[in-house]
Each structure stands twice: as C-alpha cells, then as structure tokens.
Amino acid sequence: MTKKQFVLFTLIGVSLLSNISNLVAQSPEWSESKRKKGIQVLTRPFAGSNLDEFLGRTEVDASISQIIALLTDPASCKNLYHQCKELTVLSGTEKKSVVYLRNGAPWPVNDRDLIMDRGFEQNEKTLATVMKIKRLDSNARPTPSGVTRMENFEGVWRIIPQTNGKLKIEYQAHFEPGGSVPQSVINLVLTDTPYESLLNVQKLVEEGKHKDAKFDWIKEPTKN
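Described in the following lines is the structure provided in the data block. In this text the structure is predicted, and so the values were computed from the model without any measurement.

Observations concerning the pattern of salt bridges
Then step 1. For the structure shown, the criterion picks out 11 salt bridges.
Then step 2. A salt bridge links Arg 35 to Glu 32; its shortest N-O distance comes to 2.8 Å.
Then step 3. The shortest N-O distance in the salt bridge between Lys 96 and Asp 117 comes to 3.2 Å. On the criterion of sequence distance, the pair formed by Lys 96 in strand S5 (residues 96–103) and Asp 117 in strand S6 (residues 111–122) is long-range, its members being 21 residues apart.
Then step 4. According to the relative accessible area criterion, Lys 96 is partly exposed, its value standing at 48%.

Next comes the structure, spelled out in structure tokens:
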C-alpha cells in the first residue's frame, strides 16, 4: 500500500467513525417509565413531535409461531391489544396484510382509528422476527361518526430468541393521534399501551393460547 492510499483509507475511516458518533449523539436516551411484573416500559423524545416514543419489553417461554398467532388473531383485539375495539384484516395474507384498527379512548376523547400496513420479516441467522406496522393513507374503510383518524402511527413488535430458550418480546411505537387529546391521556397511553399489551401476551402464553401454531415461513430456534 502506498503512502497516498494509506492516508486515503485513514481519512475514510475517520469520516465513518465521525458519522457514527454523530448518529449516536443525536439519538435521544430512553428513560424508564415503569417496571413491573417482568415488564419494562421506556420512553424517549421523538424528533419533530411533541409526543414521546414508547418501548415495552418482556420475556416469555413460547415459540415464535405462537406469538405471531397471538398478534394476528382477530380475537386478540379484545384480549391482547390495550384499548382495542376492532381489528379487521381488509386484504392480504398472514405474512403481509392491510388492517383496520379502532382503539377506544376515555370520555370525552374520541376513539381513534387507522388503516395500516402489517408485515412480518425474519432474520435467517438470528431468527429474530419483527412485525412492522405503519399507517396507510387510505380510505379503504371510512372513519365512523364520532371517531378521529390518527395522523400517524408507526411501530414494531420484535420477537427475539434468547440463549436461555425464552423469547424477548418488544413493542415499540410512536403515534400522532390527531384532534385534541389531553396530555394526561397521552401520558397514560404511552405507558399503559405497551405495559397492558405485554401483560396480556404473558397471560395468553401461560394459558397456552395458540401453543400449537405453525407457520411454514417461520423457522423456530432449536431447543437444547
């Protein structure tokens, strides 16, 4: 390697490290909002928004397919997702679909709804699986009277195999509810939504709900 090439590679390396450092520095820190019953809830500021982003996490003894079945079961609207009033698949398959969601809200705040894209991906090496959900600008389902359509919603459920044989479950999301919502209600949503939803995941797993579920597009970790 010539001296000129060495200097060039060194400059490139320093530039890459500098860019990575800047990204880390710009990323706001998570702060813990709740820790109870094996569930941790964190929040952090979200760029360009007055509303924080939330992250909930827990561990369960289950298969990846069981968790996917729980997350996609229409009945999970009532027994898994916090404040969910309706969860309807409008089109698509188990792996990728368009879904209508309506969430309840305490009086006098209007219920919120949205149409969203929902899709699964699995890492071939780690077997970590994610369910990504994102608001679609669609009128495939009109907003009912007295309901406000959310301006934005983007989230992800992560299903991550652990060395102890369990699965780490993470639910991370940010939303813009639209309309007028008191800050007290927002604060409750930011902590209660991930906490109650993950608490319900724990309960449904313990009850054996969808324990025998299988998906041909999912690879399960090998049990020791």
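Some points on the nonpolar core
Then step 1. Ile 67 and Trp 157 are the most contacted members of the largest nonpolar core, which totals 44 residues.
Then step 2. In terms of residue count, helix H4 (residues 183–206) provides more of this core than any other element does, seven residues in total.

Focus: H4
Since the α-helix turns once every 3.6 residues, residues separated by three or four places project in the same direction.
Then step 1. Compared with the 34 Å implied by 1.5 Å per residue over 24 residues, the 35 Å span of H4 between its first and last C-alpha is a close match.
Then step 2. Of all the bends in H4, the greatest, near 35°, is centred on Asp 192, and the proline Pro 194 appears no more than four residues after it.
Then step 3. Backbone geometry just downstream of H4 places Gly 208 in the positive-phi region, at approximately 80°.

Focus on the side chain of Asp 113
Then step 1. Structurally, the position occupied by Asp 113 is in strand S6.
Then step 2. Reaching out from Asp 113, the side chain makes a polar contact with the side chain of Tyr 100 at a distance of 2.8 Å.
Then step 3. If sequence neighbours within four positions are ignored, Asp 113 has contacts with Tyr 100, Leu 101, Arg 102, Pro 142, Thr 143, Pro 144, Val 147, Thr 148, Arg 149 and Met 150.

Points about the packing of aromatic side chains
When we look at a pair of aromatic rings, we describe it by the centre distance and by the angle of the planes.
Then step 1. The full count for this structure, using the stated rule, is five aromatic pairs.
Then step 2. With 4.3 Å between their ring centres and 10° between their planes, Trp 157 and Tyr 171 make a pair best called stacked. Linking Trp 157 in strand S9 (residues 152–161) with Tyr 171 in strand S10 (residues 167–176), this pair joins segments that are 14 residues apart in sequence.
Then step 3. Judged by its relative accessible area of 0%, Trp 157 is buried.
Then step 4. Ring geometry for Phe 215 versus Trp 217: centroids 5.3 Å apart, planes at 50°, classification tilted.
Then step 5. Within the aromatic cluster, the residues linked to one another by ring pairs are Phe 54, Tyr 81, Trp 157 and Tyr 171.
Then step 6. One Lys or Arg, Lys 34, reaches over the ring of Tyr 195 and ends 4.4 Å from the middle of that ring.
Then step 7. Arg 141 extends its terminal NZ or CZ atom over the ring of Tyr 100, reaching a point 4.2 Å from the ring centre.

Here is what the cut-offs are and how they apply
Residues numbered from 1 in each chain as written. Predicted model: local features only at pLDDT ≥ 70, side-chain atom pairs only at ≥ 80, totals over all residues. Heavy atoms only, no water. Salt bridge = Lys/Arg side-chain N within 4 Å of Asp/Glu carboxyl O. Helix = DSSP H or I, 4+ residues; strand = E, 2+ residues; numbered from the N terminus. Buried < 20%, exposed > 50% of the residue type's maximum accessible area, 1.4 Å probe, protein only. Core = buried A, V, L, I, M, F, W, Y, C linked by side-chain atoms within 4.5 Å. Expected span 1.5 Å × (residues − 1). Bend = angle between axes of the 7 residues up to and from the residue. Polar contact = N/O pair within 3.5 Å; in protein donor to acceptor, adjacent residues only side chain to side chain. Contact = heavy atoms within 4.5 Å. Phe/Tyr/Trp six-rings, centres within 6.5 Å; stacked < 30°, edge-to-face > 60°. Lys NZ or Arg CZ within 6 Å of the ring centre and 35° of its normal.

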